[in-house]
Amino acid sequence: GTLTWFNSLLGFHRVKMKTPTKELNQVKVPAKILVADVKDVLESGVSTEKQEYLLKLLILSLIYLLAFSTRLFSVLRYESVIHEFDPYFNYRSTKYLVNEGIYNFLNWFDQSAWYPLGRIVGGTIYPGLMATAAAVYWVLHAVNITVDIRNVCVLLAPWFASNTAMVTYLFAKEIKDESAGLIAAAFIAIVPGYISRSVAGSYDNEGIAIFALILTYYLWVKAVKTGSLFWSAACSLAYFYMVSAWGGYVFIINLIPLYVLVMLLTGRYSSRLYTAYCTLYVLGTLLAMQITFVGFQPVQSSEHMAAFGTFGILQLFGAFNWVRSHMTPENFSRFFKTTLLAILAIAFAGFAIGVATGYISPWTGRFYSLFDPTWAKENIPIIASVSEHQPTTWASFFFDLHILTFLFPAGMYFCFSKLTDANIFLIIYGITAVYFAGVMVRLMLVLAPVACVLGAYAVSCTLQTYAKHLKKPNPVVVSASTSKRTVTVAQALPVQRELGAIMLSGIGIMLVLYAFHCTWVTSEAYSSPSIVLAARQHDGSRLIFDDFREAYRWLGQNTPDDARIMSWWDYGYQISAMGNRTVLVDNNTWNNSHIAQVGKAMASPEDKAYEIMRALDVDYVLVIFGGLTGYASDDINKFLWMVRIAGSTDPNIIESNYYTPRGEFRIDKEGAPAMLNCLMYKLCYYRFSEVYTEQGRAPGYDRVRNAEIGNKGFKLEYLEEAFTSQHWLVRVYKVKTPDNRGGIVNL
């Protein structure tokens with residue numbers, strides 16, 4: 001009946017293709033035969049597979065749309081705007097790439113950054129993000145879809161989040177099965193740990209880097225399973241894209257060698273592993289060296305030596321295996337010991353010489369911080385001053401992962417219970433990601449994907465186990481004994497179906513709570529652009545603080561085109577992108593001593609700071625102050641880091657001088673004299689003693705520090721107030737110029 005119906009169906013399509021419409025209407029199929037044949041098809045396995053395929057396609061489509069739409073809260077509530085600080089440099093660079101072309105972009109020397117040093121932009125960035133956005137922009141315009149480059153930048157991260165969900169599906173499917181892949185895709189579509197860097201407007205490297213990371217791992221697992229040069233080469237290309245996008249590619253090029261070493265030590269070496277790794281290392285290294293900012297680091301820096309050493313070990317392992325097949329065990333044992341000792345001695349001597357001569361560069365400060373979180377604070381304070389470089393708290397784990405915090409170890413258990421090459425890779429990825437996420441909150445971004453995959457692994461195994469219990473229980477089977485053996489079939493537990501229903505209901509409730517938590521976190525915590533602030537008034541209405549853009553627009557319209565602005569490095573990118581003015585320091589933080597000069601000026605008395613500012617040709621000084629509105633991320637709260645960074649280059653700047661005798665950092669009357677008279681204090685609190693901030697409080701009450709300022713009514717001698725935003729969040733001061741006789745001219 002099935003074959004008859006398919007023949008009829010094929011004949012029907014042939015008639016439809018060759019017969020005119022009038023003749024087609026004359027074609028008749030007996031209704032009884034058609035109904036019977038359709039019934040046979042529905043009862044066969046073909047229709048079930050098609051239904052599963054369509055259902056899977058529908059689920060993936062919904063996940064794709066969900067991953068994109070859940071990241072649009074900021075656009076719906078505010079507008080299409082770039083968030084945070086680094087994304088503004090990326091946006092400015094992308095505009096330059098689109099307007100000037102790729103060659104001018106790679107050779108771009110930015111004179112408005114790091115005055116008077118400047119910056120070679122093309123040689124100091126990972127260009128993958130800008131190139132991706134520009135490619136999307138050019139493709140859209142090629143098909144006559146006119147869209148502004150800003151909107152491309154704003155929506156690029158949500159689009160790549162959808163793509164990441166699809167790649168995560170393939171990754172989890174390759175490790176376990178399709179059910180785990182679907183659950184993993186749904187998890188990563190809304191997990192807060194990933195959404196924090198991929199909401200609309202978050203135009204940062206991580207927005208595309210996580211896609212490249214998971215794609216590389218998926219292709220790597222595929223290459224190890226098949227031993228195919230094609231999949232190995234594809235993995236190399238994905239790794240190259242990752243290198244072009246983010247400095248976190250070092251995690252890949254150290255995790256995969258670690259996995260290879262584990263496979264060798266556990267006796268799981270195979271030709272497939274050899275082919276996959278050698279292809280990835282050789283081709284991936286050659287491609288990575290094409291990125292100007294990376295250059296020869298893959299063969300010179302300490303961070304890449306593990307990959308190089310693993311490549312050498314694989315060659316030795318293969319060579320020893322070949323020699324073993326041509327020698328007796330006794331001769332091979334002597335040969336192995338002698339050769340291995342000689343190779344180790346040569347390798348150690350070569351490494352020592354490379355380090356001594358400087359050919360092999362030492363580890364970077366951020367790399368040291370991963371193994372000793374206290375190292376940066378003592379040696380390079382500027383690294384420790386970044387909030388995302390701080391250790392992660394337990395609350396942050398639950399906030400960013402929710403139920404995945406508990407499903408993660410469950411997934412580990414299921415992986416250990418059935419060790420395969422793919423499961424071993426997932427275990428190593430999970431363990432290393434947990435460690436690094438624990439020492440640096442920024443690396444929660446690396447943990448989130450593997451937590452989703454392991455959580456999906458656990459949920460999938462649990463569902464498959466307990467879903468069977470909901471079926472009709474097996475009938476009682478009596479044990480049968482023979483002279484040779486006893487066969488016993490156990491009866492299902494009396495509460496088996498109830499237990500299965502309880503477990504599945506519990507998992508369903510957890511997943512619903514996970515969805516609610518992720519949506520709430522996305523809406524409330526990760527969808528508020530730092531450039532535009534909002535608060536709730538007593539009547540529940542929203543109050544918008546747009547002081548940052550107000551101030552940057554004032555700079556662009558009321559200061560000379562060549563004006564040089566001094567601020568703390570956090571705001572350098574925004575001033576350059578929105579104010580279009582020259583800055584002394586910005587978020588690149590490549591020159592610690594230059595940043596220390598700005599910190600020293602802020603920490604010095606006004607007269608000493610004036611000498612530093614004149615030496616640096618400063619025209620305006622910009623500070624962020626939150627004492628009026630209650631904005632806690634202002635420069636007063638960052639001030640101690642300015643002191644520490646300045647003290648790292650100038651021993652005369654001592655942090656303890658800014659504390660009270662009891663070791664307290666205060667801004668009231670009991671504050672240290674060095675604090676109450678420094679430039680930062682005066683620029684933030686100038687005329688603040690004339691302002692009432694809260695009812696029942698004296699004028700000059702700081703709502704962030706919850707204290708009345710200690711130094712009131714002072715006058716500025718070397719600077720004058722040029723602009724203060726509506727809510728006092730941004731304050732700009734003009735540096736007075738000396739006259740010919742050495743005095744100060746008040747312009």
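Nothing here was measured: the structure is a model prediction, and the numbers come from that model.

(A) Fine view of the overall build of the chain. Secondary structure assignment for the chain yields 33 helices and 15 strands. Here the analysis covers contacts within the chain between residues at least 6 apart in sequence; of these, 71% occur between residues at least 24 apart. Total accessible area on the chain is roughly 36200 Å²; 61% of this is exposed by carbon and sulfur atoms.

(B) Molecular detail of helix 25 (residues 444-467). For helix 25, which comprises 24 residues, the first-to-last C-alpha distance of 33 Å matches the rise-based estimate of 34 Å (1.5 Å per residue) to within 8%. With 19 of 24 residues buried, helix 25 is to be regarded as a mostly interior element.

(C) Expanded view of the environment of Met613. With respect to the element layout, Met613 can be found in helix 30 (residues 606-615). Relative accessible area serves as the criterion here: at 0%, Met613 is assigned to the buried category. When the C-alpha positions of Met613 and Met566 are compared, they lie 8.3 Å apart, and in sequence the two are 47 residues distant. Not counting residues within four places of it along the chain, the set of residues in contact with Met613 comprises Met566, Val618, Val621, Leu679, Leu719 and Val735.

(D) View of the packing of aromatic side chains. Tallied over the entire structure, the rule returns 38 aromatic pairs. Pairing Tyr259 with Phe425 gives two aromatic rings, centres 5.3 Å apart and planes at 90 degrees, and the pair type is edge-to-face. Residue Tyr259 is found in helix 14 (residues 249-265), and its partner Phe425 is found in helix 24 (residues 421-439); the two are separated by 166 residues along the sequence. Like Tyr259, the residue Phe425 is buried in the burial classification. Through a chain of ring-to-ring contacts, three or more aromatic side chains come together here, namely Tyr217, Trp220, Phe251, Tyr259, Tyr277, Tyr281, Phe311, Phe425, Tyr429, Tyr435 and Phe436. The residue whose ring lies beneath Arg644 is Trp641, and the NZ or CZ to ring-centre distance is 4.4 Å. We note Lys734 situated over the ring of Tyr620; from NZ or CZ to the ring centre the distance is 6.0 Å.

(E) Examining the pairing of strand 13 (residues 730-735) more closely. Summarising burial for strand 13: five of the six residues are buried, a large majority. Taken together, the five bridges between strand 9 (residues 620-624) and strand 13 define a ladder with antiparallel strand orientation. If you follow Tyr620 over to strand 13, its bridge partner there is Lys734. Relative to strand 13, strand 12 (residues 719-724) runs antiparallel, the two being bridged by five bridges. Note that in strand 13 the partner of Phe723 across the bridge is Val732.

(F) Local environment of helix 10 (residues 178-190). Taking 1.5 Å per residue, 13 residues should reach 18 Å; helix 10 reaches 19 Å between its end C-alpha atoms and fits that length. Of all the positions in helix 10, only Ala180, Gly181, Leu182, Ile183, Ala184, Ala185, Phe187, Ile188, Ala189 and Ile190 are classed as buried.

(G) Up close: the sheet that holds strand 12. Ordered by their spatial adjacency, five strands build an open sheet running 8-7-9-13-12, and the pairing between neighbours is mixed. Strands with a single pairing partner mark the edges of an open sheet, and in this sheet they are strand 8 (582-583) and strand 12. The sheet strands contacting helix 27 (residues 547-558) are strand 7 (564-566), strand 9, strand 12 and strand 13, and the helix crosses strand 13 at an angle near 25 degrees.

(H) Representation of the confidence of the model for the chain within the structure. Taken over all residues, the pLDDT of the chain has a mean of 86, while the share at 70 or more is 87%. Considering only residues more than four positions removed or in separate chains, one finds that residues 476-480, a stretch of pLDDT under 50, has seven contacts. Counted against residues more than four places away or in other chains, residues 482-490, with its pLDDT under 50, gives seven contacts.

(I) Looking closely at the pattern of salt bridges. Summed over all chains, the structure comprises 33 salt bridges. For the salt bridge of Glu178 with Lys173, the shortest nitrogen-to-oxygen distance reads 3.7 Å. Since its relative accessible area comes to 35%, Glu178 is described here as partly exposed. On the basis of relative accessibility, which here comes to 33%, the residue Lys173 falls in the partly exposed class. In the salt-bridge network here, residues are joined through shared partners; they are Arg662, Glu664, Arg666, Asp668 and Glu670.

(J) Just the packing of helix 23 (residues 404-417) against helix 24, in detail. Close contact between helix 23 and helix 24 brings their axes to 9 Å; oriented N to C, the two are set at 150 degrees. Considering the angle they form, helix 23 stands roughly antiparallel to helix 24. In this structure, the crossing between helix 23 and helix 24 has a hand that is left-handed. Every residue of helix 24 that contacts helix 23 at Phe408, Met412, Cys415 and Phe416 is listed here: Asn423, Leu426, Ile427, Gly430, Ile431 and Val434. A breakdown of the residues in the contact of helix 23 with helix 24 according to their chemical character gives eight nonpolar, two polar and no charged.

Calculation rules
Residues numbered from 1 in each chain as written. Predicted model: local features only at pLDDT ≥ 70, side-chain atom pairs only at ≥ 80, totals over all residues. Heavy atoms only, no water. Helix = DSSP H or I, 4+ residues; strand = E, 2+ residues; numbered from the N terminus. Contact = heavy atoms within 4.5 Å. Areas by Shrake-Rupley, 256 points an atom, 1.4 Å probe, with all protein chains shown as cover. Expected span 1.5 Å × (residues − 1). Buried < 20%, exposed > 50% of the residue type's maximum accessible area, 1.4 Å probe, protein only. Phe/Tyr/Trp six-rings, centres within 6.5 Å; stacked < 30°, edge-to-face > 60°. Lys NZ or Arg CZ within 6 Å of the ring centre and 35° of its normal. Pairing = 2+ DSSP bridges. Axes fitted to C-alpha atoms, helices over the stretch in contact; angles between N-to-C directions. pLDDT = per-residue confidence, 0-100. Salt bridge = Lys/Arg side-chain N within 4 Å of Asp/Glu carboxyl O. Parallel < 35°, antiparallel > 145°, perpendicular 65-115°, else oblique. Left-handed = near helix turned anticlockwise from the far one by under 90°. Nonpolar A, V, L, I, M, F, W, Y, C, P; charged D, E, K, R; others polar.

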